[in-house]
Amino acid sequence: MRYLYKESSPELTVAIEAALKEDWMLREKLEVLKSSTPELDTVIVAPRMEVIMRVMDYARKTAVQESVPHH
């Protein structure tokens, strides 16, 4: 992944490129990764519904407790 995003060190880049010249399976795997990177770049992170429901339950309970007059 670092190689695809051009974040690998110069030494690692040279080693990967040498390995790619020698290993067709590695080239295939690299092509699969290349084709999936646009999807990885557009992934949207969102909380799970369970987390949202817990927050909403907490908010409801807190609102009810605050609306009850204290004597």
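Everything below is about the structure printed above this text.
Scope of this entry: the structure provided in the associated data block. None of the values given here were measured: they were computed from a predicted structure.

**Some remarks on the pattern of salt bridges**
- The full count for this structure, using the stated rule, is 4 salt bridges.
- The shortest N-O distance in the salt bridge between glutamate 50 and arginine 48 comes to 3.7 Å.
- Glutamate 50 gets classed as partly exposed once you look at its relative accessible area, which sits at 41%.
- Close ionic contact of aspartate 57 with arginine 60 constitutes a salt bridge, the shortest N to O distance being 2.6 Å. Placement of the pair is aspartate 57 and arginine 60 together in helix H3 (residues 49–67), with a separation of 3 residues, close to one helical turn.
- The partly exposed category is assigned to arginine 60, whose relative accessible area is 46%.

**A few points about the side chain of serine 8**
- Along the polypeptide, serine 8 turns up in the segment before helix H1 (10–22).
- For serine 8, a relative accessible area of 12% puts it in the buried group.
- In terms of polar contacts, serine 8 uses its side chain to reach the side chain of threonine 13, at 2.6 Å.
- Setting aside its immediate chain neighbours within four residues, serine 8 contacts Arg2, Tyr3 and Thr13.

**Re unusual backbone geometry**
- For lysine 6, which is not glycine, the phi dihedral falls at a positive 55°.
- Lysine 6 sits in the exposed class, given a relative accessible area of 74%.

**Concerning the environment of tyrosine 3**
- Positionally, tyrosine 3 belongs in the segment before H1.
- For the pair tyrosine 3 and leucine 30, spaced 27 residues apart in sequence, the C-alpha to C-alpha distance is 9.6 Å.
- Beyond its immediate chain neighbours, meaning those up to four positions away, tyrosine 3 contacts Ser8, Thr13, Ile16, Glu17, Leu20 and Leu30.

**Here we look at a nonpolar patch on the surface**
- Judged by side-chain polarity, Met49, Ile52, Met53 and Met56 come together as a nonpolar surface patch covering roughly 370 Å² of accessible area.
- Mapped onto the fold, methionine 53 is located in helix H3.
- The partly exposed category is assigned to methionine 53, whose relative accessible area is 40%.

Scoring rules and cut-offs
Residues numbered from 1 in each chain as written. Predicted model: local features only at pLDDT ≥ 70, side-chain atom pairs only at ≥ 80, totals over all residues. Heavy atoms only, no water. Salt bridge = Lys/Arg side-chain N within 4 Å of Asp/Glu carboxyl O. Buried < 20%, exposed > 50% of the residue type's maximum accessible area, 1.4 Å probe, protein only. Helix = DSSP H or I, 4+ residues; strand = E, 2+ residues; numbered from the N terminus. Polar contact = N/O pair within 3.5 Å; in protein donor to acceptor, adjacent residues only side chain to side chain. Contact = heavy atoms within 4.5 Å. Patch = residues over 30% accessible without salt bridge, like charges linked within 9 Å, V, L, I, M, F, W, Y side chains within 5 Å. Areas by Shrake-Rupley, 256 points an atom, 1.4 Å probe, with all protein chains shown as cover.

Shape descriptors only; they carry no functional weight alone.
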